[in-house]
Amino acid sequence: MSEFEQSLSWASQFSVDYLKEVGKQRVVPQVKPGEISASLPASAPEESEPMSAILADFERLILPGITHWQHPGFLNFFSCSTSEPGIVAEMLSATLNANGMLWKTSPAITELEQTTLDWLRQWMGLGHGWFGMFHDTASTATLHAMIAARQRIAPEARAEGLRGDLVIYASEWAHSSIEKDVFVAGFGTNQLRKIETDPVTLAMKPEALKIAIEKDRAAGLRPCCIVATVGTTSTTAIDPVAEIGNIARAENIWLHVDAAYGGALAVAEEFRWLMDGVEAADSLVVNPHKWLFVPFDCSAFFCKQPEVLRQAFSLVPSYLQTNDETVNLMDYGIPLGRKFRALKLWFVMRNFGRQRIVSILRDHMKWIAWLADKLCNDQRFEVTHPVTMGLVCYRLRAGDAATLSLVDRINASGRFFIGTAQVQGRPIIRTALGNLSVCRETIEQFWQLLNAEA
Ligand SMILES: Cc1ncc(COP(=O)(O)O)c(C=O)c1O
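Residues numbered from 1 in each chain as written. Predicted model: local features only at pLDDT ≥ 70, side-chain atom pairs only at ≥ 80, totals over all residues. Heavy atoms only, no water.

1. Notes on the environment of Ile 87
Alright, step 1. By secondary structure assignment, the location of Ile 87 is in helix α4 (residues 84–96).
Alright, step 2. Between the C-alpha atoms of Ile 87 and Ser 15, which are 72 residues apart in sequence, the distance is 8.5 Å.
Alright, step 3. Leaving out residues up to four positions away in the same chain, Ile 87 has contacts with Ser 15, Leu 19, Thr 82 and Pro 295. (Helix = DSSP H or I, 4+ residues; strand = E, 2+ residues; numbered from the N terminus. Contact = heavy atoms within 4.5 Å.)

Below is the structure:
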């Protein structure tokens, strides 16, 4: 066997064992900052090292510094859940290492990208007319949406730059990537309006949005883009997309929907309502790498007006010119090079089938409801926000210090990893599920520990 064959078979056995055994490890490693880099040589080797030594160091030096996102007890943030077909596809994609910047630089990359994203559109119950492409993350996808919005409202900006009069609107609970994209795209954070939300649901108030737009128009500014969120990060609040869409259409403002996390749930028929109103949007982002079991990174970006993306992004030097009439994905976004992300979505969609994915999502929703019910029926806890997706938010009635100390104790156990957020001036505990490894028993054991520690 060649060294390559030996290391591949080691890696495939490692993947099988890791996914089986990951639950036996601590979720979060016990390493101090700088410890891992201190264990590594200061410079790279001059001479070749055998793969056996590199793999041994991977186990000895790197694995102890890994936070195990695939651990059933990983209940923090939103999960990034891998899966067996996704892992195989990643390996094949690295083997081909083909670059899909143009159709002709790998026709299958462009065509499978369009096909799998059209499949995903259908799974989420969306109508025809959406052009799909992948980005690495939702942050990047939303940046593209904002630049497309700028192109439609202020086409002169591509040549002249921004004049500081374009305004972006998002809920005060929109993900931080919205604000980051606003300054990265050059709008300036002074041009971002954080729209007031309902105090209970934390969903954007359409009347507040309308007033903000009127005020900006009266001041001679140009409303450019609204970002509505389906499943905010802190509490999974759902903005009223249909009402927001009516405003966007009446005002000719680009509407982008951030369903990075929540969009996955629309694959189950009973949650299709989450996409109500999305048809009126100009663009949408959903992350299959969050809750659709596709290995990171895989962010699905949909746009109703691909021609605006082309106007915003196309720049073709002589060495990239083609004579064919095909879609060249480099014309629709910032990156030139394009990895074969479609392969992993294709493998996952086919190997799972919609039915299995729906059944997993339903289980997750059942287990989170079970946990929320336990918390609601316990005097010590207060469930702070409606449970709309795979996340429950709560705190101890004993106070904020007690709440934060409870989180520290749960995380110190090494068995679970939960998080916090600051909402309406007070901390909440966020407990979110989405891993393939999580099961009913995990959540029961989590409740036992929480109960004991509280
Ligand atoms: C609602 C929402 N939007 C955007 C993002 C950013 O996602 P990404 O890491 O893909 O940029 C997140 C991350 O959790 C999110 O929850």
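2. Observations regarding the pairing of strand β4 (residues 222–229)
Alright, step 1. Within β4, seven of the eight residues are buried, leaving the element largely enclosed by the surrounding structure.
Alright, step 2. Judged from the five bridges that link them, strand β2 (residues 166–171) and β4 form a sheet pairing that is parallel. If you follow Val 167 over to β4, its bridge partner there is Pro 223.
Alright, step 3. Looking at chain direction, β4 and strand β5 (residues 254–258) are connected through five bridges and run parallel. (Buried < 20%, exposed > 50% of the residue type's maximum accessible area, 1.4 Å probe, protein only. Pairing = 2+ DSSP bridges.)

3. Thoughts on the sheet that holds strand β8 (residues 381–383)
Alright, step 1. The strand order across the open sheet formed by four strands is β8-β9-β11-β10, and the pairing between neighbours is antiparallel. Two strands in the sheet have a free side with no partner beyond their single neighbour: β8 and β10 (419–423). When the angles between neighbouring strand axes are averaged without regard to direction, this sheet yields 40 degrees.
Alright, step 2. The pairing of β10 with strand β11 (residues 426–432) spans five bridges and is classified as antiparallel. Residue Ala 421 lies in a different strand from β11, and its bridge partner there is Ile 428.
Alright, step 3. Each of β8, β9 (391–396) and β11 touches helix α13 (residues 342–376); the most contacted strand, β9, lies at about 20 degrees to it. (Axes fitted to C-alpha atoms, helices over the stretch in contact; angles between N-to-C directions.)

4. A few points about the sheet that holds β4
Alright, step 1. The seven strands are arranged β1-β7-β6-β5-β4-β2-β3 in an open sheet whose pairing can be described as mixed. Every interior strand has two partners, whereas the edge strands, β1 (131–135) and β3 (192–195), have only one. Put simply, the sheet's adjacent strands are angled 20 degrees from each other on average, direction ignored.
Alright, step 2. As paired strands, strand β6 (residues 283–286) and strand β7 (residues 299–303) are joined by four bridges and run antiparallel to one another. Bridge assignment links Ser 283 to a residue of β7, and that residue is Cys 303.
Alright, step 3. Sitting on the sheet, helix α6 (residues 138–153) touches β1, β2, β4, β5, β6 and β7, and the angle it makes with β4 is about 150 degrees.

5. Observations regarding the site of the ligand
Alright, step 1. Residues in close proximity to the ligand total 13 residues, the closest being Ala 138, Ser 139, Thr 233, Asp 258 and Asn 287.
Alright, step 2. Thr 233 has a polar side-chain atom sitting 2.8 Å from an oxygen atom of the ligand.
Alright, step 3. Here a nitrogen atom of the ligand and a side-chain polar atom of Asp 258 are 2.6 Å apart.
Alright, step 4. Alone, the ligand offers 400 Å² of accessible surface; in the complex the protein occludes 87% of this.
Alright, step 5. Of all the secondary-structure elements, those providing two or more residues to the shell around the ligand are α6 and α11 (288–291).
Alright, step 6. When its residues are assigned to classes, the shell around the ligand shows three nonpolar, eight polar and two charged. (Near = heavy atom within 4 Å. Polar contact = N/O pair within 3.5 Å; in protein donor to acceptor, adjacent residues only side chain to side chain. Areas by Shrake-Rupley, 256 points an atom, 1.4 Å probe, with all protein chains shown as cover. Nonpolar A, V, L, I, M, F, W, Y, C, P; charged D, E, K, R; others polar.)

6. Thoughts on the side chain of Thr 82
Alright, step 1. Turning to its location among the elements, Thr 82 is positioned in the loop between α3 (51–62) and α4.
Alright, step 2. Relative accessible area serves as the criterion here: at 14%, Thr 82 is assigned to the buried category.
Alright, step 3. Ignoring anything within four residues of it in the chain, the contact list for Thr 82 reads Leu 19, Gln 70, Ile 87, Phe 293, Pro 295 and Leu 436.

7. Topic: helix α9 (residues 206–218)
Alright, step 1. Look at α9: 18 Å from first C-alpha to last across 13 residues, which is about the 18 Å you get at 1.5 Å a residue.
Alright, step 2. Looking at the buried residues of α9, the elements they touch are β2, β3, β4 and α10 (241–251).
Alright, step 3. Positioned one or two residues after α9, Gly 220 has a phi angle of 85 degrees, which is positive. (Expected span 1.5 Å × (residues − 1).)

8. With respect to the nonpolar core
Alright, step 1. Grouped together as the largest cluster of nonpolar side chains are 73 residues, with contacts concentrated most on Met 124, Leu 209, Ile 226, Leu 255, Val 257, Leu 284 and Trp 291.
Alright, step 2. Counting residues per element, this core draws most heavily on α13, which supplies 11 residues.
Alright, step 3. Not counting chain neighbours up to four residues away, the residues in contact with Leu 209 comprise Tyr 169, Ile 195, Met 204, Ile 226, Ile 244 and Ile 247.
Alright, step 4. One finds Ala 145, Ile 147, Phe 187 and Leu 309 within the second-largest nonpolar core, a separate group that totals 36 residues. (Core = buried A, V, L, I, M, F, W, Y, C linked by side-chain atoms within 4.5 Å.)

9. Quick notes on unusual backbone geometry
A negative phi holds for most residues other than glycine; trans holds for most peptide bonds.
Alright, step 1. Across the junction of Phe 296 and Asp 297, the peptide omega takes the value 0 degrees, indicating a cis bond.
Alright, step 2. Along the chain, the position of Asp 297 falls in the loop between α11 and β7.
Alright, step 3. Of note in the backbone geometry, Asn 252 takes a positive phi value of approximately 55 degrees without being a glycine.
Alright, step 4. Note that Asn 252 resides in the loop between α10 and β5.
Alright, step 5. Taking the relative accessible area as the measure of exposure, Asn 252 reaches 47% and is therefore partly exposed.

10. As for a nonpolar patch on the surface
Alright, step 1. Taken together, the side chains of Phe 4, Leu 8, Val 88, Met 91 and Leu 92 define a hydrophobic patch exposed on the protein surface, amounting to about 440 Å² of accessible area.
Alright, step 2. Among the elements of the structure, α1 (3–21) and α4 are those that each provide at least two residues to the nonpolar patch.
Alright, step 3. By residue number, the principal contributor to the nonpolar patch is α4, which donates three residues.
Alright, step 4. With respect to the element layout, Met 91 can be found in helix α4. (Patch = residues over 30% accessible without salt bridge, like charges linked within 9 Å, V, L, I, M, F, W, Y side chains within 5 Å. Salt bridge = Lys/Arg side-chain N within 4 Å of Asp/Glu carboxyl O.)

11. Some words on the pairing of β6
Alright, step 1. Neither face of β6 is open: one carries Ser 283 and Val 285, the other Leu 284 and Val 286, and all of them are buried.
Alright, step 2. As paired strands, β5 and β6 are joined by three bridges and run parallel to one another. For Asp 258, the partnering residue across the bridge sits in β6 and is Val 285.

12. Structural notes on the packing of aromatic side chains
Alright, step 1. Tallied over the entire structure, the rule returns 17 aromatic pairs.
Alright, step 2. Taking 6.0 Å as the distance between ring centres and 75 degrees as the angle between the ring planes, the aromatic pair formed by Phe 381 and Tyr 394 counts as edge-to-face. Of this pair, Phe 381 sits in strand β8 while Tyr 394 sits in strand β9, and the two are 13 residues apart along the sequence. The residues Phe 381 and Tyr 394 share a single accessibility class, namely buried.
Alright, step 3. Of the aromatic side chains, those joined through ring pairs into one cluster are Trp 10, Phe 14, Tyr 18 and Phe 58. (Phe/Tyr/Trp six-rings, centres within 6.5 Å; stacked < 30°, edge-to-face > 60°.)

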